[in-house]
Structures are given as C-alpha cells and as structure tokens.
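Listed below, chain by chain, are the residues.
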Amino acid sequence: MIDNTLKVLLKKIIDNRFKILLYAVIPLIAFILGLLIPSPFVKYNKAIIGDSRIYTLSDTVNMMFPNGDVYDGSIIASSKKRHGFGRLTRIDSSIYEGNWKEDKLPYGQRTTSSSVYVGRFNSELNNHGFGIVTYSSQFIDGKRKQGVADKDIIAVYIGNWNCNIKQGIGRSVKVDGSMDFGNYSDGVLQEIEGANYRIGGCVYGIDVSHYQPDIDWDNLALYCDKDGRVYSGTPKEKKYMQPVFFAYIKATEGSMVQDNTYSIRNVEAERHGIVKGAYHFFHLTSSVEEQVRNFIETVNWKDGDMPPALDVEIESEIKEYGKEKFVEMTLSWLEKVEENMHVRPIIYTRESIRNNYLNDERFKKYDFWIASYKETDPDNFDWHFWQLTEKGVMNGYKDGRIDINLFKGDYLAFKKYLKI
C-alpha cells in the first residue's frame, strides 16, 4: 500500500515538473532564442538601446524618399527613420554618412565634388557646431582660374559653424601654407588691431590628464601678447590668441593604472584637428616589462601622431633606487616601446633631472620635452619641446590652470618632425 502511494506521488511530481518545464522554462528559452536569432523575414534585425528607448533595427537598400534622396543602412523597423550607420545620397550627388539617431545625423561626413566635411550637423544637415572641411583640388583649381592667389584660397578650415557659415573660433589653412586663426562672424575672420605675429610662427600645445576636467574642445585657444608669445600665467589681456596645435594626453601610470579620460580625449583631439600624443607616468617601483605592457595595450599610435612620451619626474624614487638603476630602467622602457610600437619615444622631465641624471651619451638619440618654468628657454642642452608653464589660462578651459608647451620650430618644422 505504501509502495503504491509512493509511486502515485512520484508520478504526480514528475508530471508537475514536466508541466513547469513545458509552460515556464521552454517559453523562456524560446524568448531568449528569439532575441538572438534574426527573423527570416528581415534582412538584419537587432536591438539598440539609446535615450532609454529600445529600437529594433533592420537594414535597407536603396530606400527612396519623395525628394529623390536614396538611403542605404539601418532604420528603425517598420518605419523609414534612419538610426544606426547609414549613407544618404542626395539628388545633387552629395553623400552623408555616419551614425544616424532618430532620423538625424549628429556627427558624420559629407562628401561633394568641392569638399569633404567631417563634423557636426543640425537637423537640416547643415554644418553646425565644430567641423573640419577639406576643399578638393577641383575647387582650388576653380579659384585659381578665377585669379585668386594661393595665399587667399582656403584649403582646410578647422573650427565652428552656424548653419553652413563659419562662426566662432576657427583656423583656416591656405593653399600656400599660411594660416589664419581667431573668431569668425558670419563667415568673416575678425581682424585684431596691433597683432604682430604669424599663425604657425610658434607651435603651442597642451598636456592633460584626468586632473583637467571639462575641457571645451570646440573653443580651445591660448591667450598671447601682440607678438604672439603665450602668457605663462594670468593673461594681461585676452585680445590676441594662438591655436592649440598639439595635445599630449596621459594614457597610463606604472604597471596597472590607465587614465580614464585618455580614450575619449584621444578621439576629441583628432576630431578637432589637434595632433594627439600619449604619455606614460614612470615609476621605479614597478617592473619595466609591466609598465611597457600597460602602455602598449592602452595606446594605439599611428603615423602623424606625436611620439610617445615617457614622463620621469619623481626625484625621490631616483634617490632611493640610485642613478644607475634609474638610467637602466628608463633606457629599457624606451627601447622596448620603440621595439613594439616602431616609433622612437621622447623623454619628459624637469630641467634639473635632465642635468643631474640623464646627461648621458646613451640618451643622445632621444628628444627631450623639458619642464622649465622660467622666462627664458631651457639652457645647457638641446630640447624639442618646452613645458613653459603649469599655470596656463586658456579659452575653453575654465576650471583652473593647465600645462602649456612650445615646440622648438615653426609649423613647417613641426610637420617635418611628425612627417605629415
């Protein structure tokens, strides 16, 4: 009797478990598979989360609009709203491509016969915000045929726009290599009386880390005097300005630390026509191999970038470990990075450390970036970059002081140095 009762009870349990599996687990598995496997009726199907909304996207080819425009790319399913990567070919043959968002293109590229524009757009696909336009040889040749001199033909404009018109801070690079920089109003550069310097005669840059938050990359400019010399402290006036040509961005420190602002600032610098570079903050307390690994796994160097920089500045560690160990570890990092990245790094340090510890034949092949906060240039040795102040004040950064650097040479020499 007890055996039969147990058999009945076990059968009910098994039946109930099967029902649970049938009515709960299997539908859950089917739901998950439904998310992972595209519908056979849609070419491509995926979900995107943006602004707290979940969109299911499908791909479309040759989607025609009433005005004759044609779109290829992702759209929100069951609509004609462009969302995700796509290309719009307009009836005038201009091409807009990039990542669309709810039928708008916040940032992307427009290609026409006269130019290529990369930057921000408004809802009508006009240049609006910061962007870089590079004019074609066809456009430049047309200007020449009209009798316009090379010094008056813009080859590249890097700056701000308002509905296709240059507006705000910007830099124009002419066909002959000369440059203008300053504030544009309704497409016209506003001339400043008394300026006695050539844009590109001096090449200034900044270096930044997470200690400098909230940089306004759209509006960066360095205040200078009437002769073009950038102020090393509070500006006496904000009448004259120099562009930021390069930016060194902290990437790593020691064997474990990655600066959490590096990746986004690497992109921002490139999008704003600023030559970018990465630096590593060196510690004698960590192995060279681990510090090299940390740097090369974080930084993606490419031709035209600033050379990687090794920041050596903790004198207390040098005194603790000794000059011989310091020199050995420094040389090892430089050699291993060059071997892995196929570019020779430079050394950032203070003038006193360079004189006391790095005045060695083995360092002669390396360029130096020297921190020296004096009115005069660093002396007693050759240098390529000079960090002239840690207390700089600039347009586009209002949260405190910033490091300002000077390249030893004009813009033409700077281009040759970087081979661009």
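Given the structure is predicted, the values throughout are model-derived calculations rather than measurements. (Residues numbered from 1 in each chain as written. Predicted model: local features only at pLDDT ≥ 70, side-chain atom pairs only at ≥ 80, totals over all residues. Heavy atoms only, no water.)

1. Focus: unusual backbone geometry
Link 1 in the chain: Within the chain, Asp186 stands out as a residue other than glycine whose phi angle is a positive 50 degrees.
Link 2 in the chain: Secondary-structure assignment places Asp186 in the loop between β11 (179-185) and β12 (188-189).
Link 3 in the chain: If you check the backbone angles, Lys419 has positive phi at about 60 degrees while not being a glycine.
Link 4 in the chain: Here Lys419 is to be found in the segment after α8 (411-418).
Link 5 in the chain: For Lys419, a relative accessible area of 75% gives the class exposed. (Helix = DSSP H or I, 4+ residues; strand = E, 2+ residues; numbered from the N terminus. Buried < 20%, exposed > 50% of the residue type's maximum accessible area, 1.4 Å probe, protein only.)

2. Focus on the packing of aromatic side chains
Link 1 in the chain: Evaluated as defined, the whole model comprises 23 aromatic pairs.
Link 2 in the chain: Ring centres of Tyr411 and Phe414 lie 6.1 Å apart, and the angle between their planes is 35 degrees; on these two criteria the pair is classed as tilted. Taken as a pair, Tyr411 and Phe414 lie in helix α8 at a separation of three residues, close to a single helical turn.
Link 3 in the chain: Through a chain of ring-to-ring contacts, three or more aromatic side chains come together here, namely Phe245, Phe246, Tyr248, Tyr279, Tyr348, Trp369, Phe385, Phe407, Tyr411, Phe414 and Tyr417. (Phe/Tyr/Trp six-rings, centres within 6.5 Å; stacked < 30°, edge-to-face > 60°.)

3. Focus: the pairing of strand β23 (residues 397-407)
Link 1 in the chain: Note: strand β13 (residues 203-208) against β23, five bridges, orientation antiparallel. Bridge pairing in β23 places Val203 opposite Phe407.
Link 2 in the chain: Turn length for the strand β22 (residues 385-395)-β23 hairpin, with the two strands adjacent in sequence and antiparallel, is one residue, and the turn residue Gly396 shows positive phi of about 95 degrees. (Pairing = 2+ DSSP bridges.)

4. A closer look at helix α3 (residues 262-271)
Link 1 in the chain: Along α3, the residues classified as buried are Tyr262, Arg265, Asn266 and Ala269. One side of α3 carries all its buried residues, which in axial view fall inside an arc of 110 degrees. Of the exposed residues in α3, those oriented more than 90 degrees away from the buried face are Ser263 and Ile264.
Link 2 in the chain: In the core, the buried residues of α3 are packed alongside β13, β16 (246-253), β18 (275-281) and α4 (288-298). (Arc of directions from axis to C-beta. Contact = heavy atoms within 4.5 Å.)

5. What to know about the nonpolar core
Link 1 in the chain: Counting residues in hydrophobic clusters, the biggest one holds 52 residues, and the most contacted among them are Ile206, Phe326, Trp333 and Phe363.
Link 2 in the chain: The element that contributes the greatest number of residues to this core is helix α6 (residues 323-341), accounting for eight residues.
Link 3 in the chain: The contact partners of Ile206, leaving out residues within four places of it in the chain, are Leu220, Leu222, Val244, Phe246, Ala247, Tyr248, Met394, Ile402, Asp403 and Asn405.
Link 4 in the chain: In terms of nonpolar packing, the next biggest core, distinct from the first, is built from 26 residues, Ala221, Met241, Trp369 and Phe407 among them. (Core = buried A, V, L, I, M, F, W, Y, C linked by side-chain atoms within 4.5 Å.)

6. Regarding the environment of Phe363
Link 1 in the chain: Mapping Phe363 onto the fold places it in the loop between α7 (351-357) and β21 (368-371).
Link 2 in the chain: Judged by its relative accessible area of 1%, Phe363 is buried.
Link 3 in the chain: Considering only alpha carbons, one finds Phe363 and Leu331, 32 residues apart in sequence, at a separation of 7.9 Å.
Link 4 in the chain: When residues no more than four places from it in sequence are discounted, the contact partners of Phe363 are Val327, Thr330, Leu331, Leu334, Ile347, Leu358 and Phe368.

7. Details of the pattern of salt bridges
Any two side chains of opposite charge can pair if their charged atoms end up close together.
Link 1 in the chain: Taken as a whole and judged by the stated rule, the model has 22 salt bridges.
Link 2 in the chain: The partner of Lys151 in a salt bridge is Asp152, with the nearest N and O atoms 3.3 Å apart.
Link 3 in the chain: Classification of Lys151 by relative accessible area gives partly exposed; the value is 48%.
Link 4 in the chain: The structure contains a network of salt bridges with shared partners spanning Glu270, Lys276, Lys302 and Asp305. (Salt bridge = Lys/Arg side-chain N within 4 Å of Asp/Glu carboxyl O.)

8. A few points about the side chain of Thr261
Link 1 in the chain: Mapped onto the fold, Thr261 is located in the loop between β17 (257-258) and α3.
Link 2 in the chain: The class for Thr261 is buried, based on a relative accessible area of 14%.
Link 3 in the chain: Dropping the residues within four chain positions of it, Thr261 is found in contact with Ser209 and His210.

9. Focus: the side chain of Lys174
Link 1 in the chain: Note that Lys174 resides in strand β10 (residues 165-174).
Link 2 in the chain: For Lys174, a relative accessible area of 12% translates into the label buried.
Link 3 in the chain: A polar side-chain atom of Lys174 sits 3.2 Å from the main-chain carbonyl oxygen of Lys151.
Link 4 in the chain: When neighbours within four sequence positions are excluded, Lys174 is seen to be in contact with Asp150, Lys151, Asp152, Ile153, Ile154, Ala155 and Asp180. (Polar contact = N/O pair within 3.5 Å; in protein donor to acceptor, adjacent residues only side chain to side chain.)

10. Some words on the pairing of β16
Link 1 in the chain: The element β16 is extensively covered by neighbouring structure, given that seven of its eight residues are classed as buried.
Link 2 in the chain: Examined bridge by bridge, β13 and β16 share four bridges and lie parallel to one another. Residue Asp207 lies in a different strand from β16, and its bridge partner there is Tyr248.
Link 3 in the chain: Pairing geometry for β16 and β18, over seven bridges, is parallel. Pairing of Tyr248 across the sheet is with Gly277, part of β18.
Link 4 in the chain: Pairing between β16 and β17: two bridges, direction antiparallel. For Glu253, the partnering residue across the bridge sits in β17 and is Val257.
Link 5 in the chain: Linking β16 to β17, which pair antiparallel, is a turn of three residues; within it Gly254 sits at a positive phi near 60 degrees.

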